[in-house]
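Chains, contacts and geometry: an overview
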Amino acid sequence: IAYLSDLSRLQVETTDVDEFIIASIHAGQAVTLTVDALEEREYSGVVRTVGLQQQPNDTGDAHYPVTIQINGPTDDLRPGMSARVYFER
């Protein structure tokens, strides 16, 4: 799950990429996002940055932050909305 954070930059920041998948994620990688509040509408995006060090999330679990740039029109998105991110291989 990721949270929309800054719509002026059209990006999301993840909160749950763990050590089991971080090695397969890289800058420039394509992603698909769905937003539950918008009837699971799909958006495309690209990984901008991948954190090198773990950080604790809201539940106390460690994760690697990943920032994703959203492509295309985003008029319906709002800061704080939950999104599911699917990293393409």
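Cut-offs used in this document
- Residues numbered from 1 in each chain as written.
- Predicted model: local features only at pLDDT ≥ 70, side-chain atom pairs only at ≥ 80, totals over all residues.
- Heavy atoms only, no water.
- Helix = DSSP H or I, 4+ residues; strand = E, 2+ residues; numbered from the N terminus.
- Buried < 20%, exposed > 50% of the residue type's maximum accessible area, 1.4 Å probe, protein only.
- Contact = heavy atoms within 4.5 Å.
- Pairing = 2+ DSSP bridges.
- Salt bridge = Lys/Arg side-chain N within 4 Å of Asp/Glu carboxyl O.
- Core = buried A, V, L, I, M, F, W, Y, C linked by side-chain atoms within 4.5 Å.
- Polar contact = N/O pair within 3.5 Å; in protein donor to acceptor, adjacent residues only side chain to side chain.

With respect to the overall build of the protein chain
Of regular secondary structure, the protein chain possesses zero helices and eight strands. Secondary structure elements of the protein chain occur, N-terminal to C-terminal, as β-β-β-β-β-β-β-β. The buried share of the protein chain, taken over its 89 residues, is 36%. For the protein chain, the proportion of contacts with a sequence separation of at least 24, taken over those separated by at least 6, is 58%.

Quick look at the pairing of strand β7 (residues 66–71)
Bridge analysis of strand β2 (residues 11–14) against β7 gives three bridges, and the strand direction is antiparallel. The residue bridging glutamine 11 from the neighbouring strand is glutamine 69, located in β7. Note: strand β4 (residues 41–50) against β7, six bridges, orientation antiparallel. Paired with glycine 45 across the strands is isoleucine 70, a residue of β7.

Focus: the pattern of salt bridges
Applying the stated criterion to the full structure yields two salt bridges. The residue aspartate 36 makes a salt bridge to arginine 84 at a minimum N-O spacing of 3.9 Å. Highlighted residues: aspartate 36 in the loop between β3 (30–35) and β4 and arginine 84 in strand β8 (residues 82–87), separated in sequence by 48 residues. Arginine 84 gets classed as partly exposed once you look at its relative accessible area, which sits at 37%. Where arginine 41 meets aspartate 76, a salt bridge forms, and the shortest distance between an N and an O atom there is 2.3 Å. Here aspartate 76 lies in the loop between β7 and β8 and arginine 41 lies in strand β4, a separation of 35 residues in the sequence. We classify arginine 41 as partly exposed; its relative accessible area is 37%. On the basis of relative accessibility, which here comes to 36%, the residue aspartate 76 falls in the partly exposed class.

A closer look at the nonpolar core
Within the largest apolar cluster, 18 residues are counted, with the highest numbers of intra-cluster contacts made by Leu33, Val35, Tyr43, Val66, Ile68 and Leu77. Within the residue set of this core, elements represented by two or more residues are β3, β4, β7 and β8.

With respect to the side chain of glutamine 29
Take glutamine 29: it is sitting in the loop between β2 and β3. By relative accessible area, which is 5% here, glutamine 29 ends up buried. Within the structure, the side chain of glutamine 29 is placed 2.5 Å from the backbone oxygen of glutamate 88, a separation counted as a polar contact. Sequence-distant contacts of glutamine 29, that is, excluding residues within four places in its chain, are made with Ser24, Gly45, Val46, Val47, Phe87 and Glu88.

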